[in-house]
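# Structural overview for review
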Amino acid sequence: MKPPTILGRPERRVDAWGKVTGKAKFAEDYNVAHQLFGVVLRSRFPHARIVKIDGDRARALPGVEAVLTARDIPGEKTFGIVIKNQAILADDRVRYLGDGVALVAARSRAIAEEALGLIDVEYEVLPHVMDPESAMQPDAPRVHPDGNVFVHHRVRKGNIEKGFAAADLIIEKKFRTQFVEHSAIEPEAVLAEPGEQGGVKITGSIQNLFSSRRSVAAALGIDLNRVQLIQATLGGSFGGKDEVMTAMCCRAALLCLSTGNPVKMVNTREESMLESYKRHPYVMAYKWGAKNDGTICAMEIRCVADGGAYASMSPFVTWRSVVQATGPYACENVSTDVYAVYTNNTYTGAMRGFGSPQVNFAIESMMDELAEKIGSNPLDIRLKNGFQRGAVTATGQKLDHVVSLTDVLCRAADAIGFKEKWLQYRTGQTGAIRRGVGLACSYRGVSLGAEGTDAAEAIVCVQTDGSVILSSGVTDMGQGAQTQMSQIVAEVLGVPMERIQFLNTNTSRVADSGPTVASRGTIMGGSAAKKAAEIVRATMLDVAGEMTGISPGKLLLGENALLDARDHRPLASFSEVAAECFRRGRPMHGFGWHKSPKTSWDEKNGQGDAYFTFVYGANAAEVDVDTETGKVDVIDFVSVHDVGKAINRAAVRGQMHGGVAMGLGYGLLEEFEFEECIPRQLNFDEYLLPTSLDVPNVRTIIVENEDPAGPFGAKSVGEPTNEIAAPAIVNAIANATGRRTYDLPASLERVLLGHALRRTGDRGSVQKEMEDAMLTRTCKIESPRR
Amino acid sequence: MKPFSYFVSDSIAETLTRLGESGSRAQIIAGGTDLLIGLRRREENGPESIIDISRLSQLRGIRLDGAMMHIGPLATHREIMESDQVRTHVPLLAAAAGSIGSPQVRNRGTIGGNIMNAAACADTVPPLIALGAVVALSSAEGERTCPLSEFFVRPYVTIARPGELLTRISFPVLPAMSHSAFIKLGRRNALAIARLSVAAILTFDRSGVTLDARIVPGAVFPSWKRVKEAEEVLVGKTPAHGLFVEAGRKVSGAMIAVTGRRWSTEYKEPVIAALVQRALARCVATEPVIASDRFSRETPDRPDCAEPDTSQPAS
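Computed from a prediction, not measured in an experiment: that's the story for all the values here.

Turning next to the overall build of chain B. When helices and strands are tallied, chain B shows twelve helices and 13 strands. On C-alpha atoms alone, chain B measures out to a radius of gyration of 20 Å, which is about the 20 Å that the 2.2 N^0.38 rule sets for 315 residues. Principal-axis analysis of the C-alpha atoms places the extent of chain B at approximately 60 × 50 × 35 Å. Taking contacts inside chain B between residues at least 6 apart in sequence as the whole, the part at least 24 apart equals 62%. A total of about 13100 Å² of accessible surface is found on chain B, and carbon and sulfur atoms cover 50% of it. Each charge class in chain B can be summarised by its mean position, and for the 37 positive and 32 negative side chains these summaries are 4 Å apart.

Below, the structure is given as structure tokens:
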């Protein structure tokens, strides 16, 4: 018999109190004496050669302490996780408008910004390339010397020709998705301070401290132990505080060591939107062959991702796409090619979903088209083709865990009344407003998979009074990792959550645990925290056995006390056991290290056990479509996810609500637009996120099938919740109107006309004169700092 | 942001003196919901001085004087949307003010600012023009008045001279047996600028025949105007679905006559027609503006609309 468990309980977030009372310290809140302010001079052209940079006039401005260019970088001038080609500062060439050209540190932000205007840069403008398909042409301008196509992943399974030959029908469609901004509420910020024994200490809004640290050390040419990165409380990331923060850390460190003073850097929203990477736009050609009974016998898929100016995470993002490009559907013959291509647009990288929202939009649209073609319906066609336990994926991986696809699909469909409504809405609707329901589902590989090493550390240290300090190499960015890990430790040690203090990650105090990405926080960080707590528990029970004379096997920690396992009689308080451990000189810390199970990958044919386990989810949307204006209102939404085990049900539901809101923005509103590689909007007045009036009440259903790979059976939830909302909504629009949108977002124009409006120069003669005046005016207020 | 000097005005006279001295180098701040965004974006050409008029209580308030309503330019969108007088006598203006931005923006933003900023998508302007509003401009030299329909030159440009301050907005309240509607189409349900909008007023005689029709589309023309050719379709007739469709077509036709066929016409042409039709249908579906005893006991002749509009988005 076990004492009551804390697992799954909607415990209050451990960081909530500090945040709602304003005590939380975000990176911009850190200030120290003698700090300087650092700013970046950014490129003026999307593609140009830098002929000359002259900073003398800027240096002469009183209050300016340093003006640096790429030449002042003592170590490596570029960084990158896979391909090291991202410039800390542009050396001889700028490749997009967000590129940094020079740095200024001055006694105030105002002086620093004034100095930017005094730096003379001579450019030789080069032709730019603005879309990935033209960038693939042999005569396209080259963004990097080795050519523009820098990633080509493939999956080959069965025989694609035979597959199509056996098909009764073929569906071929082209889909396009858009650039999307992460839109974390907190823009990038750091404070870099000179280390007492050399080196540098950086406190900042950093998502992946260990990879940023590697780049700072390499840029400065010093050892990792001289570079200390500390995570400030983060105001959201969604995958967006990786490379852009690495660049900022490197720049602040350079200014700091060059001046000997602390240097603060904070991006304005406009700077953040201009410089930071986005979610990849994809162009996707899907060709499926199927039998009349709905069996899919061939899938030929070609995706081209716009990588923008730098490689960033593109190789990994597109790898997840190639693994998951067929969706959770059985098919014997698959041929998938995914490319990533350089352009002079803003570079693209990690964003919640990481290569899945794009392909899921295509897959789930195709599935509805297939249902339509064979006279079935969206639910039945998915149930027919969907994975069951033991199924073999496109990459040849046998799914040897609880495959809950059918369960999540049926629960989503039932909750919204899918089958009846879908039939009813297809016919006989009159009036301007038409209603529709849509369904989408997915399977998703958990954690990094065969991307690379996957391990994490956590340290649990029980204090002499029985309170607990927990630190981890997995970071909290607002997603709730510290609450999950605290709850796991509380479960193992039998103490209330209030007794646990989580420390923000410090690279000098915990081992490199890889990045906090890929929805791996709970499964990796949580597993490490569990192991660490179990080590401490073993010590404490051992001491407790000596204290009580009862064998440790008959003792339990629970309810903040030492319990007799037989009758749950409290024998001593947790604090007393902790104090006794100290008196006896026993160690009360535990180092937990968790390495993920094995994965494998053969890049040639794209075969292997890509991920050690998968999660399954289904979304159902109900919409009202105004067929006279193209306006879509989502009126109901059901989100169902198998998370393995919910460590904290409130946190899981929070992820589901946020994921749907973000997915709704992706489906209907958000689009970071470029015109000739120049961003068209740099703040939230023009980049449209959904508001509270646009997001319906989301009904959440948590499904639990405990997986041996995770702590207490927990898997992932962060990204799955964000990857199928858009297709569910688009499928609902198609149900309402009988017409499908193949491009995202499903804006007013796309829903009404089937395509977006393309701005052209032609204007009516009467208006021309008036508009010219207007345009001059808007241009003035439009130009960002560049 | 370029440095500027900042004056907080205590009186209209002082404001006018300062405005007179600085001319176009000065800008006025009331709610600041447009100006601050502009200041943040503008690197050069920002104002040298900013005159804060937010404490001039004489410029606040909503007052009904007989059949005339006077609105102080400092009345906030929230005050307008919540005013019983506005809601009773000119409900389309309350609807327009309520459609602006978010609660925060409506708490700060003023009707005077909405007019003076003169963006093509200003939400309160179509109803005001439909109501025949007149604005008063004061300067050190004195006061002049101007119909709002003649006030705008083109987007962001008005006839107000440097040194002039908007001090009053006046219009006759809607006569009995008038029905009005304001419809706005935005890309999202809050914090949305109008993609297109329509203000419509229909006034009927006792037999239900349209005596007067006013239709002012928003974000359609370079500056606002009533679309007479659409209004003429309705006057002298009993309202009917077919007439509303025809009026909608006239509005999109008038738009194309001014702007020509542009890249956005493919979308705007059918949609503005639909919105006009919808606004007119909503007019006949609403209670007349004055719900005093005299009228509320009488059931107004509800003209039959071939297709009752059951599908209006919440505004």
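Back to the text.
Take the pairing of strand 7 (residues 142-147) of chain B next. All names here are of chain B. Pairing between strand 6 (residues 134-139) and strand 7: six bridges, direction antiparallel. Within the sheet, the bridge partner assigned to Ser 139 lies in strand 7 and is Gly 142. Hairpin geometry of strand 6 and strand 7 is characterised by an intervening segment of two residues between the two adjacent antiparallel strands.

This next bit is on the pattern of salt bridges. One pass over the structure, following the stated rule, counts 68 salt bridges over all chains. The residue A:Glu364 makes a salt bridge to A:Arg382 at a minimum N-O spacing of 2.7 Å. Separated by 18 residues along the polypeptide, A:Glu364 in helix 10 (residues 356-374) and A:Arg382 in helix 11 (residues 378-385) bring together distant segments of the chain. Taking relative accessible area as the criterion, A:Glu364 reaches 0% and is therefore assigned buried. Between A:Glu749 and B:Arg187 there is a salt bridge whose closest N-O contact spans 2.6 Å. Placement of A:Glu749 in helix 19 (residues 748-753) and of B:Arg187 in the loop between strand 11 (178-185) and strand 12 (196-204) is noted, with the two residues assigned to different chains. Using a relative accessible area of 5% as the deciding quantity, one classes A:Glu749 as buried. Its relative accessible area of 31% is what places B:Arg187 among the partly exposed residues. Overlapping salt bridges bring together A:Arg42, A:Arg109, A:Glu113, A:Arg251, A:Glu271 and A:Glu275 as one network.

Residue and element names in this part refer to chain A. Where helix 11 contacts helix 12 (residues 405-416), the two axes come as close as 10 Å, and the packing angle between them is 170°. In terms of axis orientation, helix 11 runs roughly antiparallel to helix 12. Two secondary-structure elements touch here, helix 11 through Leu 379, Arg 382 and Leu 383 and helix 12 through Thr 406, Leu 409, Cys 410 and Ala 413. Tallied by class, the residues present in the contact of helix 11 with helix 12 amount to five nonpolar, one polar and one charged.

All names here are of chain A. Taken in spatial order, the three strands make up an open sheet running 6-2-8, and their pairing is antiparallel. Of all strands in the sheet, those with a lone pairing partner are strand 6 (93-94) and strand 8 (120-125), marking the two edges. Sheet topology note: the strand 2 (residues 48-54)/strand 6 ladder contains two bridges and is antiparallel. Counted as the bridge partner of Arg 49 is Arg 93 from strand 6.

Here we take up the sheet that holds strand 16 (residues 296-308) of chain A. Residues and elements named next belong to chain A. Judged by pairing direction, the sheet is mixed, and its five strands sit side by side in the order 9-17-16-15-10 without closing on themselves. A single partner strand is all that each edge strand has here, and the edge strands are strand 9 (149-157) and strand 10 (169-176). When the angles between neighbouring strand axes are averaged without regard to direction, this sheet yields 5°. Alignment of strand 10 against strand 15 (residues 282-290), held across eight bridges, turns out to be antiparallel. Pairing of Ile 171 across the sheet is with Trp 288, part of strand 15. Along the sheet, helix 9 (residues 314-324) contacts strand 9, strand 15, strand 16 and strand 17 (334-342); its crossing angle with strand 9, the most-contacted strand, is approximately 20°.

The axes of two packed helices give the description: the angle between them and the distance between them. Residue and element names in this part refer to chain A. One can describe the packing of helix 14 (residues 481-493) onto helix 15 (residues 521-548) by two numbers: an axis separation of 9 Å at closest approach and a directional angle of 30°. On the basis of their axis angle, the class for helix 14 and helix 15 is roughly parallel. The hand of the helix 14/helix 15 crossing is right-handed. Mapping the contact onto sequence places Gln 484, Met 485, Ile 488, Val 489, Val 492 and Leu 493 in helix 14 and Thr 522, Gly 525, Gly 526, Ala 529, Lys 530, Ala 533, Glu 534, Val 536 and Arg 537 in helix 15. Class assignment of the residues belonging to the contact of helix 14 with helix 15 gives a composition of eight nonpolar, four polar and three charged.

Residues and elements named next belong to chain A. If you walk through the whole model with that rule in mind, you get 21 aromatic pairs over all chains. Ring centres of Phe 179 and Phe 674 lie 4.7 Å apart, and the angle between their planes is 65°; on these two criteria the pair is classed as edge-to-face. Linking Phe 179 in the loop between strand 10 and strand 11 (189-194) with Phe 674 in strand 28 (residues 674-675), this pair joins segments that are 495 residues apart in sequence. For Phe 674, a relative accessible area of 18% translates into the label buried. Between Tyr 277 and Tyr 347, the aromatic rings sit 5.5 Å apart at their centres with planes inclined by 40°, giving tilted as the arrangement. One end of the pair, Tyr 277, is in the loop between helix 8 (269-275) and strand 15; the other, Tyr 347, is in the loop between strand 17 and helix 10, and 70 residues separate them in sequence. By relative accessible area, which is 0% here, Tyr 347 ends up buried. Of the aromatic side chains, those joined through ring pairs into one cluster are Trp 319, Phe 387, Tyr 443, Trp 601, Tyr 611 and Phe 614.

We now examine the side chain of A:Glu188. Residue and element names in this part refer to chain A. Mapped onto the secondary structure, Glu 188 falls in the loop between strand 10 and strand 11. Although Glu 188 is buried, it forms no salt bridge, and the closest oppositely charged side chain is Lys 241 at an N-O distance of 6.5 Å. Polar side-chain contacts of Glu 188 include one of 3.0 Å to the side chain of Ser 272. Beyond its immediate chain neighbours, meaning those up to four positions away, Glu 188 contacts Ser 205, Val 244, Met 245, Met 248, Met 265, Val 266, Asn 267, Ser 272 and Ser 276.

Residue and element names in this part refer to chain A. Looking at helix 13 (residues 418-426), one finds that the buried residues are Phe 418, Trp 422 and Tyr 425. Projection of helix 13 onto a plane perpendicular to its axis shows the buried side chains occupying an angular sector of 75°, all on one side. Facing away from the buried side of helix 13 by more than 90 degrees, the exposed set consists of Glu 420, Leu 423 and Gln 424.

Right, let's get into the side chain of A:Ser43. With respect to the helices and strands, A:Ser43 occurs in the loop between strand 1 (36-42) and strand 2. A polar contact is formed between the side chain of A:Ser43 and the backbone oxygen of A:Phe45, at a distance of 2.5 Å.

Attention now goes to the nonpolar core. Where a protein is soluble and globular, its nonpolar side chains tend to be buried together. All names here are of chain A. Counting residues in hydrophobic clusters, the biggest one holds 121 residues, and the most contacted among them are Val 200, Ile 202, Val 216, Met 265, Met 284, Tyr 286 and Trp 288. Looking at which element gives the most residues to this core, the answer is helix 7 (residues 243-259), with eleven residues. Setting aside residues no more than four positions away along its own chain, Trp 288 makes contact with Phe 164, Leu 169, Ile 170, Ile 171, Ile 296, Ala 298, Met 299, Ile 363, Met 366, Met 367 and Leu 370.

Rules used throughout
- Residues numbered from 1 in each chain as written.
- Chains lettered and ligands numbered in written order.
- Predicted model: local features only at pLDDT ≥ 70, side-chain atom pairs only at ≥ 80, totals over all residues.
- Heavy atoms only, no water.
- Helix = DSSP H or I, 4+ residues; strand = E, 2+ residues; numbered from the N terminus.
- Rg over C-alpha atoms; globule rule 2.2 N^0.38 Å.
- Contact = heavy atoms within 4.5 Å.
- Areas by Shrake-Rupley, 256 points an atom, 1.4 Å probe, with all protein chains shown as cover.
- Lys, Arg positive; Asp, Glu negative; His and termini not counted.
- Charge placed at Lys NZ, Arg CZ, Asp CG, Glu CD.
- Pairing = 2+ DSSP bridges.
- Salt bridge = Lys/Arg side-chain N within 4 Å of Asp/Glu carboxyl O.
- Buried < 20%, exposed > 50% of the residue type's maximum accessible area, 1.4 Å probe, protein only.
- Axes fitted to C-alpha atoms, helices over the stretch in contact; angles between N-to-C directions.
- Parallel < 35°, antiparallel > 145°, perpendicular 65-115°, else oblique.
- Nonpolar A, V, L, I, M, F, W, Y, C, P; charged D, E, K, R; others polar.
- Left-handed = near helix turned anticlockwise from the far one by under 90°.
- Phe/Tyr/Trp six-rings, centres within 6.5 Å; stacked < 30°, edge-to-face > 60°.
- Polar contact = N/O pair within 3.5 Å; in protein donor to acceptor, adjacent residues only side chain to side chain.
- Arc of directions from axis to C-beta.
- Core = buried A, V, L, I, M, F, W, Y, C linked by side-chain atoms within 4.5 Å.

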